[in-house]
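# Overview (structure and organization)
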Amino acid sequence: MGMALLHRDHGPGGTRYTMREKLFTIGDDSWIETDDGQRAFKVNGKALRIRSTFILESPQGEELCKIQEKKLHIRDTMEIERDGQTVATVQKALVTPLRSRFKIELDGGGELSAKGNIVDHEYEIERDGKEVAQISKKWVRVRETYGIEVAPDENDALILAATVCIDEMARH
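The following refers to the structure shown. Everything numeric here is computed off the predicted structure, so don't read it as measured data. (Residues numbered from 1 in each chain as written. Predicted model: local features only at pLDDT ≥ 70, side-chain atom pairs only at ≥ 80, totals over all residues. Heavy atoms only, no water.)

### Focus: the side chain of Ser 30
Structurally, Ser 30 is set in strand β2 (residues 30-34). Excluding residues within four positions of it along the chain, Ser 30 makes contact with Arg 20, Leu 23, Phe 41, Lys 42 and Val 43. (Helix = DSSP H or I, 4+ residues; strand = E, 2+ residues; numbered from the N terminus. Contact = heavy atoms within 4.5 Å.)

The following block contains the structure:
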């Protein structure tokens, strides 16, 4: 574990995923894959077309997280639901050209904070100063795609859904 701190480019040492930019607006099914090409989560594009709803599913089609556009009326806030309950609220805390910060409030208490160059997909998500995810385009070769490395023992679906919220809000 100590080694990870020396090599910041190695991220938090968990699973690496690749994800397309602007996922909230694509409108067809797409996959979030691990960096070795395994399909890890499905983005249900049918839901997007019908009610501007982003649904993240397991590969078997089980709904894991849901973000609905109707919730976007509150400026700069998005909610992530599971089984009809809000599990996290993502909020823009500060946005400047070079540095942005987003807050991810978890329903069970606790808060994650995303900081860095969010528009360019080079940032970290932390809990109490400890890195839980690193977002970067550096190790992804595909255009309009970025990578997310999630630390072990985190709720990967929730972190990925929060990243989609951040991507969506950073562009508006």
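### Comments concerning the pairing of strand β7 (residues 85-95)
As defined by bridge partners, strand β6 (residues 77-82) adjoins β7 across six bridges and the pair is classed as antiparallel. Bridge assignment links Glu 79 to a residue of β7, and that residue is Thr 89. Between β6 and β7, which pair antiparallel and follow one another directly, the connecting turn spans two residues, one of which, Asp 83, has a positive phi of 50 degrees. Sheet topology places β7 next to strand β8 (residues 100-106); seven bridges connect them, and they run antiparallel. Residue pairing in the sheet places Val 95 in a bridge with Ser 100 of β8. Linking β7 back to β8 in an antiparallel pair, the connection comprises four residues. (Pairing = 2+ DSSP bridges.)

### What to know about the nonpolar core
Ranked by internal contacts, the top residues of the largest apolar core, which has 42 residues, are Leu 56, Ile 80 and Ile 125. At ten residues, the largest contribution of residues to this core is made by helix α4 (residues 156-170). Ignoring sequence-local partners within four residues, the contact set of Ile 80 consists of Cys 65, Lys 66, Ile 67, Gln 85, Thr 86, Val 87, Ala 88, Val 90, Leu 158, Ala 161, Ala 162 and Cys 165. (Core = buried A, V, L, I, M, F, W, Y, C linked by side-chain atoms within 4.5 Å. Buried < 20%, exposed > 50% of the residue type's maximum accessible area, 1.4 Å probe, protein only.)

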